[in-house]
Amino acid sequence: MMNAVSGLFPRDLFDDSHSLLRRQVAGFLDEEIVGPHRNWSQARYMPRDIWRKAGEAGLLCRSLPVEYGGHGRDFRDSVVIIEELAARRLPGLPTYLQSDIVAPLVQRLGTAAQKQRFLPGLCDGNLLGAMALTEPHSGSDLHAFRSFARRDGDDFVLNGVKTHISNGNSADLIIVAARCDKAILGDQPGFVLLLVEAGRDGISRKAIAKAGMQALDTATITFEDCRVPACNLLGQEGLGFMHLMQSLVAERLVLAVFAQASAETLLRETIAACHARPTSAGTLLDYQHIRFRLADLYSDCSANRAFVDQCITAQLRNRTDPKAACIAKLRCTENLKDIATQALQLRGAAGISEAEGERCVADLVDASVQTIWGGSSEVMRDLIGRGLVNLL
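The shown structure was predicted, so the numbers you read here are calculated from the model rather than taken from an experiment.

### Quick word on the overall build of the protein
Working step 1: Along its length, the protein carries 10 helices and 10 strands.
Working step 2: For 392 residues, the compact-globule formula gives about 21 Å, and the C-alpha radius of gyration of the protein, at 21 Å, lands near that figure.
Working step 3: Projecting the C-alpha coordinates of the protein onto the three principal axes gives extents of approximately 80 × 50 × 40 Å.
Working step 4: Scored against the burial criterion, the 392 residues of the protein give a buried share of 52%.
Working step 5: Across the protein, contacts joining residues at least 24 apart in sequence account for 74% of those joining residues at least 6 apart.
Working step 6: In the protein, which carries 43 positive and 46 negative side-chain charges, the distance between the mean positions of the two groups comes to 2 Å.

Here is the structure:
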């Protein structure tokens, strides 16, 4: 198995410690995940103990402080892990959700008690986290939330429906974003983030059957008069939407990293397939129009690699630009879908038949998922476009 560090483009982002980590991650994934992942996809089920094994192997929350069970490292460790998952087509184990979205949000906004209570379990995999944002009527538009958390004494009473939630059916801890009574802008209600344990009364969950990324646990979660103690409020009441902004930037960046590594894997395989496919002129690569098509894909992928690595470097310096994260997510996911489309097309009949065709079709469907989750391409374009006037 070729790992992501031996990709198509030279990079100077990592040091020897990351090379060692990459080998360790590759060994764990090849031994524990690659073989059974296909069966998990067919069963639409991811065993819960895989997360504990991932924690034991050091794949979770590496940037968190050692005192909570983390490794005190930086974001590059997460990049290594994400790239190795993507290179092996393993969307069923979204370590980045736990490591780079849920746990850092608790670390950044949580009280001392909340950190002591939740972070060690997130680090070792005994506690599985989820982020509940998307709703049936809001999609990527967070302003259209209908979920509501009403303050009642020492509790919040939570009502609403969240859907397409990754890890939603098996998570032990769900960070739920909802509207609340406390206004921060005139008469407009504010938002809260609540740390909701999955065992509370008033919570029901239903797995969602999907055409793509079938091993990824995805669910609809319904909250009906679910009482959550006020001590589970994450951050400041009324400012939940503002608290989310930094996490959304992180989410878009990790999804760009995943998509870019996926694109490089598919492009490398597609070039190899064209080189191996005989024709009357030699191989498929002997046709100029085929080389042109691949050259365009390679050029876009090369530019994306440089831009994503630049975003990673900015993140390491705590200078991540929200617009840049949107650009990275948009470009990498759209390029991935273009590569997946051509990967199928250039294989001819083999691209839709037997094992090779099954993989190509699955790659195309999975690539389509990536242009939707974490903010669709249309939303990314809108967010980028809104800021254009500021460039004048």
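Next comes the rest of the write-up.
### A look at the packing of helix α1 (residues 16-43) against helix α2 (residues 49-56)
Working step 1: In the contact formed by α1 and α2, the axes pass within 11 Å of each other and the chain directions differ by 165°. Between α1 and α2, the angle falls in the class roughly antiparallel. Classified by chirality, the crossing of α2 by α1 is left-handed. Contacts between α1 and α2 involve Phe-28, Glu-32, Ile-33 and Trp-40 from the former and Ile-50, Lys-53 and Ala-54 from the latter.
Working step 2: Across the contact of α1 with α2, the residue classes tally to five nonpolar, no polar and two charged.

### Section: the pairing of strand β3 (residues 155-166)
Working step 1: Here five bridges tie strand β2 (residues 148-152) to β3, and the two strands are oriented antiparallel to one another. Counterpart to Ala-149 in the pairing with β3 is Leu-158.
Working step 2: Taking the residues that link successive antiparallel strands as the turn, the β2-β3 hairpin has two residues, and the phi of Gly-153 there is positive, at about 65°.
Working step 3: Bridge count for β3 against strand β7 (residues 218-229) is nine bridges, and the pairing is antiparallel. Residue pairing for β7: Ile-165 is matched across the bridge by Ala-219.

### Considering the packing of helix α6 (residues 240-276) against helix α8 (residues 322-345)
Working step 1: In contact at an axis separation of 8 Å, α6 and α8 are set at 25° when each is read in the N-to-C sense. Taken together, the axes of α6 and α8 are roughly parallel relative to one another. In this structure, α6 meets α8 at a crossing whose hand is left-handed. Contacts between α6 and α8 involve Val-249, Arg-252, Leu-253, Leu-255, Ala-256, Ala-259, Gln-260, Ser-262, Ala-263, Leu-266, Leu-267 and Thr-270 from the first element and Pro-322, Ala-325, Cys-326, Ala-328, Lys-329, Cys-332, Thr-333, Asn-335, Leu-336, Ile-339, Ala-340 and Ala-343 from the second.

### A look at unusual backbone geometry
Most peptide bonds adopt trans geometry, and most residues besides glycine take a negative phi value.
Working step 1: A positive phi angle is found at Arg-89, which is not glycine, with a value near 55°.
Working step 2: By the secondary structure assignment, Arg-89 is in the loop between α3 (75-87) and α4 (95-109).
Working step 3: Accessibility expressed as a relative area gives 26% for Arg-89, which makes it partly exposed.
Working step 4: A positive phi is found at Asn-167, a non-glycine position, where the angle reads about 65°.
Working step 5: Note on placement: Asn-167 falls in the loop between β3 and β4 (173-185).
Working step 6: Using a relative accessible area of 2% as the deciding quantity, one classes Asn-167 as buried.

Rules of the game
- Residues numbered from 1 in each chain as written.
- Predicted model: local features only at pLDDT ≥ 70, side-chain atom pairs only at ≥ 80, totals over all residues.
- Heavy atoms only, no water.
- Helix = DSSP H or I, 4+ residues; strand = E, 2+ residues; numbered from the N terminus.
- Rg over C-alpha atoms; globule rule 2.2 N^0.38 Å.
- Buried < 20%, exposed > 50% of the residue type's maximum accessible area, 1.4 Å probe, protein only.
- Contact = heavy atoms within 4.5 Å.
- Lys, Arg positive; Asp, Glu negative; His and termini not counted.
- Charge placed at Lys NZ, Arg CZ, Asp CG, Glu CD.
- Axes fitted to C-alpha atoms, helices over the stretch in contact; angles between N-to-C directions.
- Parallel < 35°, antiparallel > 145°, perpendicular 65-115°, else oblique.
- Left-handed = near helix turned anticlockwise from the far one by under 90°.
- Nonpolar A, V, L, I, M, F, W, Y, C, P; charged D, E, K, R; others polar.
- Pairing = 2+ DSSP bridges.

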